[in-house]
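Listed below are the residues making up each chain.
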Amino acid sequence: MRTISVLGATGSIGASTLDLIRRAPQDWRVVALTANGNAADLARLAREFGAEIAVVADEASLPALREALAGTGIAAAGGAAALVEAAARGADVTVAAIVGCAGLAPVMAAIECGKTVALANKEALVSAGDVMMQAVERHGATLLPVDSEHNAIFQCLQGNDLADVRWITLTASGGPFRDWSLEQLHAATPAQAIKHPNWDMGAKISVDSATMFNKGLELIEAWHLFPVGLERLRIIVHPQSVIHSMVEYRDGSTLAQLGPSDMRVPIASTLAWPARMDTPCAPLDLAAIGELTFRAPDEVRFPATRLARQAAEAGGAAPAVLNAANEVAVAAFLAGQIGFTKIPVVVERMLELLALPAPLTLDAVIAADTQARVRARELLETL
């Protein structure tokens, strides 16, 4: 039996993780579960899985959490410091699925325990990639990618040498607007943007998929996770989302990882690594799928991948600025303050306006993120 903590237990990744644990209770003991502010669901899960501690990031939700857990013996805590303390409990596996920069400090705390971190927090590597990867090496932690694309690459690299890699190809569904014209994109609504054709995801990541910023962020993540050089990372649009990514080697062999559009597959890969485990996912039926198609990304209609590559090439705090500006712009779009095609405009202008030095510590990363968000909100007022 191994111990596990799930940071972001009430989100989609957390729910999928706990579904797998629920199916193999003999293999796991739950240490910590955390959520942003959903005290009722968090308490229910903590009771079901017998967690040692449940933590809400929003301290205003702590009284409700304490009341819901009264008499259970499960500790309840709230606030940013409590999240870090939960992550630092040193579970054998910590699933890091807190959305946004709120997840940075807990991810670092888990890494510093020197155990296994199953990473689903994009900001950890996009905004703080150098800092995080140095910490992984320093503390001897094992970092396993949960994102379906990076998990696919990780699987395709097993037993091979990075020096033999010719290309790493991230696949992209293209999102709900992949066939839309620029004129149609100008009029796209939040309700349309969050209807992903293949995946069931939260609103923010669904919009990122629609703009292709999700793939741009993943490009930066892959750059840190698989250091083959930015020039050997590429993106291809694959509408069926069956091939999750590919690795081509210098002998001409290309290895691809295929699977259903179900996050329980990559999550299971990280939970069982280096072994395998059962999942309830339906087997892949290629005959029923019929065909797999591919196309080059269109960086005129979807400039996000170009901007992400530009930020990675610029270095310094540019990736953190890109991530922060995108989050602010997406929130403004979902609130009806700006149009869909203004999202990359905000990001590009912020990359032009804000040149910050490379952050050497987590505090410096958070400071750069904060400054970029303030400036991005100021920029929104001029659009």
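The residue numbers shown here count from 1 along each chain, following its written sequence. Given that the model is predicted, a residue must reach a pLDDT of at least 70 before its local features are reported, and side-chain atom pairs must reach 80 or more before they are shown or counted; all residues, however, enter totals for whole chains, interfaces and linings. Remark: hydrogens and water are excluded; side-chain values derive from all non-hydrogen atoms of the structure.

### Topic: the overall build of the chain
- Per the convention used, a helix needs a DSSP run of H or I reaching at least four residues, while a strand needs a run of E reaching at least two, with both numbered from the N terminus. The helix and strand tally for the chain stands at 18 helices and eleven strands.
- The reference for a compact globule is 2.2 Å times residues^0.38; the radius of gyration itself is calculated from the C-alpha atoms. Relative to the 2.2 N^0.38 estimate, which gives 21 Å for 383 residues, the radius of gyration of the chain is 20 Å and therefore close to what a compact globule would have.
- For the chain, the C-alpha atoms occupy an extent of roughly 60 × 50 × 40 Å along the three principal directions.
- Here the chain, with 383 residues, has 54% of them falling under the buried criterion.
- Contacts spanning at least 24 positions in sequence make up 67% of the contacts within the chain whose residues lie at least 6 apart.
- Using a 1.4 Å probe, the Shrake-Rupley method yields the accessible areas, and only the shown protein chains count as cover for residues. Summed over its atoms, the accessible surface of the chain is roughly 15900 Å², and 51% of this surface lies on carbon and sulfur atoms.
- The charged-residue count follows a simple rule in which Lys and Arg add positive charge and Asp and Glu add negative charge, with His and chain termini not counted at all. Every charge is mapped onto a representative atom, which is NZ of Lys, CZ of Arg, CG of Asp or CD of Glu. Between the averaged position of the 30 positive side-chain charges in the chain and that of its 41 negative side-chain charges there is a distance of 1 Å. Type-normalised accessible area, obtained with a 1.4 Å probe on protein chains alone, sets the label of each residue: buried when under 20%, exposed when over 50%, and partly exposed for intermediate values. Here, two residues are considered to be in contact whenever any of their heavy atoms come within 4.5 Å of each other.

### What to know about helix α8 (residues 148-157)
- The element α8 is extensively covered by neighbouring structure, given that ten of its ten residues are classed as buried.
- Along α8, the positions that sit buried rather than exposed are S148, E149, H150, N151, A152, I153, F154, Q155, C156 and L157.
- Elements that come into contact with the buried residues of α8 comprise β7 (142-145), β8 (165-172), α12 (213-225), β10 (243-249), β11 (254-258) and α13 (264-272).
- Taken from the residues just after α8, G159 is the one with a positive phi, measuring 80 degrees.

### Here's the deal with the state of the cysteines
- Disulfides are defined in this document as cysteine sulfur pairs within 2.5 Å. A full pass over the atoms with the stated rule returns zero disulfides.
- Of all cysteine sulfurs, the one in C281 lies closest to C156, which takes part in no disulfide; the gap is 18 Å.
- Given the relative accessible area of 6%, C156 is considered buried.

### Considering the nonpolar core
- In plain words, nonpolar cores are sets of buried Ala, Val, Leu, Ile, Met, Phe, Trp, Tyr and Cys residues tied together by side-chain atoms within 4.5 Å. One finds M132, L322 and I343 to be the most contacted residues of the largest nonpolar core, which totals 92 residues.
- Of the residues forming this core, the biggest block, ten residues, is contributed by helix α16 (residues 318-334).
- Formed by 34 residues, the second largest nonpolar core is a distinct cluster that contains L33, L42, F49 and A118.

### A short note on the sheet that holds strand β9 (residues 233-237)
- Here, any two strands with at least 2 DSSP bridges between them count as paired. Sheet architecture is open: four strands sit in the order β9-β8-β10-β11, paired in mixed fashion. A strand with exactly one partner marks an edge of an open sheet, and here the two such strands are β9 and β11. Across this sheet, the average inter-strand angle for adjacent strands is 20 degrees, counted without regard to direction.
- Of the pairings in the sheet, the one linking β8 to β9 comprises five bridges and is parallel in character. Counterpart to T169 in the pairing with β9 is R234.
- In this analysis, axes come from line fits to C-alpha atoms, helices being fitted only over the stretch in contact, and the angle between any two N-to-C directions falls in the range 0 to 180 degrees. In this fold α12 packs onto β8 and β9, with an angle of close to 150 degrees to the strand it touches most, β8.

### Thoughts on the pairing of strand β1 (residues 2-7)
- With five of six residues buried, β1 lies mostly within the body of the structure.
- Here the term right-handed applies to a crossover when the path leading from its first strand over the helix to its second strand runs clockwise, the strands being oriented away from the viewer. Running through helix α1 (residues 12-23), the crossover from β1 to the neighbouring parallel element strand β2 (residues 28-35) is right-handed.
- Looking at chain direction, β1 and strand β5 (residues 93-96) are connected through four bridges and run parallel. Residue pairing for β5: I4 is matched across the bridge by V93.

### Considerations on the packing of aromatic side chains
- Aromatic rings from Phe, Tyr and Trp, with only the six-membered ring used for Trp, were paired whenever their centres fell within 6.5 Å, and each pair was classed as stacked if the ring planes differed by under 30 degrees, edge-to-face if by over 60, and tilted otherwise. Counting across every chain of the model gives four aromatic pairs.
- Each member of the aromatic cluster is reached from another via a ring pair, and the members are F177, W180, F333 and F340.

### A few points about empty space enclosed by the protein
- The way it works is a 1 Å grid over only the protein atoms, where trapped points that fit a 1.4 Å probe form a cavity and open points with protein on both sides within 12 Å along at least five of seven lines form a pocket, and then any residue with an atom within 4 Å of a point lines it. Grid points are joined across faces, edges and corners, and a volume is the space filled by probe spheres set on the points. In total, this model carries two cavities of 30 Å³ or more according to the counting rule given.
- Each pocket or cavity is described by its volume, and for the largest cavity that value is around 80 Å³.
- Forming the walls of the largest cavity are G174, R178, M212, V237, R295, A296, P297, D298, R301 and F302.
- Throughout, the ten residues Ala, Val, Leu, Ile, Met, Phe, Trp, Tyr, Cys and Pro are labelled nonpolar, Asp, Glu, Lys and Arg are labelled charged, and all others, Gly among them, are labelled polar. For the lining of the largest cavity, the class distribution of residues is five nonpolar, one polar and four charged.

### Quick word on the packing of α16 against helix α18 (residues 362-380)
- One can describe the packing of α16 onto α18 by two numbers: an axis separation of 8 Å at closest approach and a directional angle of 40 degrees. The angle between α16 and α18 falls in the class oblique. The chirality of how α16 crosses α18 is right-handed. Where α16 abuts α18, its residues V321, N323, A324, A325, E327, V328 and A332 lie against D369, A372, R373, A376, R377 and L380.
- Residue composition of the contact of α16 with α18, by class: eight nonpolar, one polar and four charged. Working rule for angles: under 35 degrees goes down as roughly parallel, over 145 as roughly antiparallel, 65 to 115 as roughly perpendicular, anything else as oblique. Whether a crossing is left-handed or right-handed is set by the direction in which the near helix is turned from the far one by less than a right angle, anticlockwise for left-handed and clockwise for right-handed.

### A look at the sheet that holds strand β4 (residues 75-78)
- Pairing in this open sheet of seven strands is parallel, and the strands run β4-β3-β2-β1-β5-β6-β7 from one edge to the other. Edge positions in the sheet fall to β4 and β7, since each has one partner strand and no second. Across the sheet, the mean angle separating the axes of adjacent strands is 20 degrees when strand polarity is ignored.
- Note: β2 against strand β3 (residues 53-56), four bridges, orientation parallel. Residue pairing for β3: T34 is matched across the bridge by V55.
- Across the sheet, helix α5 (residues 104-111) lies against β1, β5 and β6 (116-119), angled at about 150 degrees from β6, the strand it touches most.

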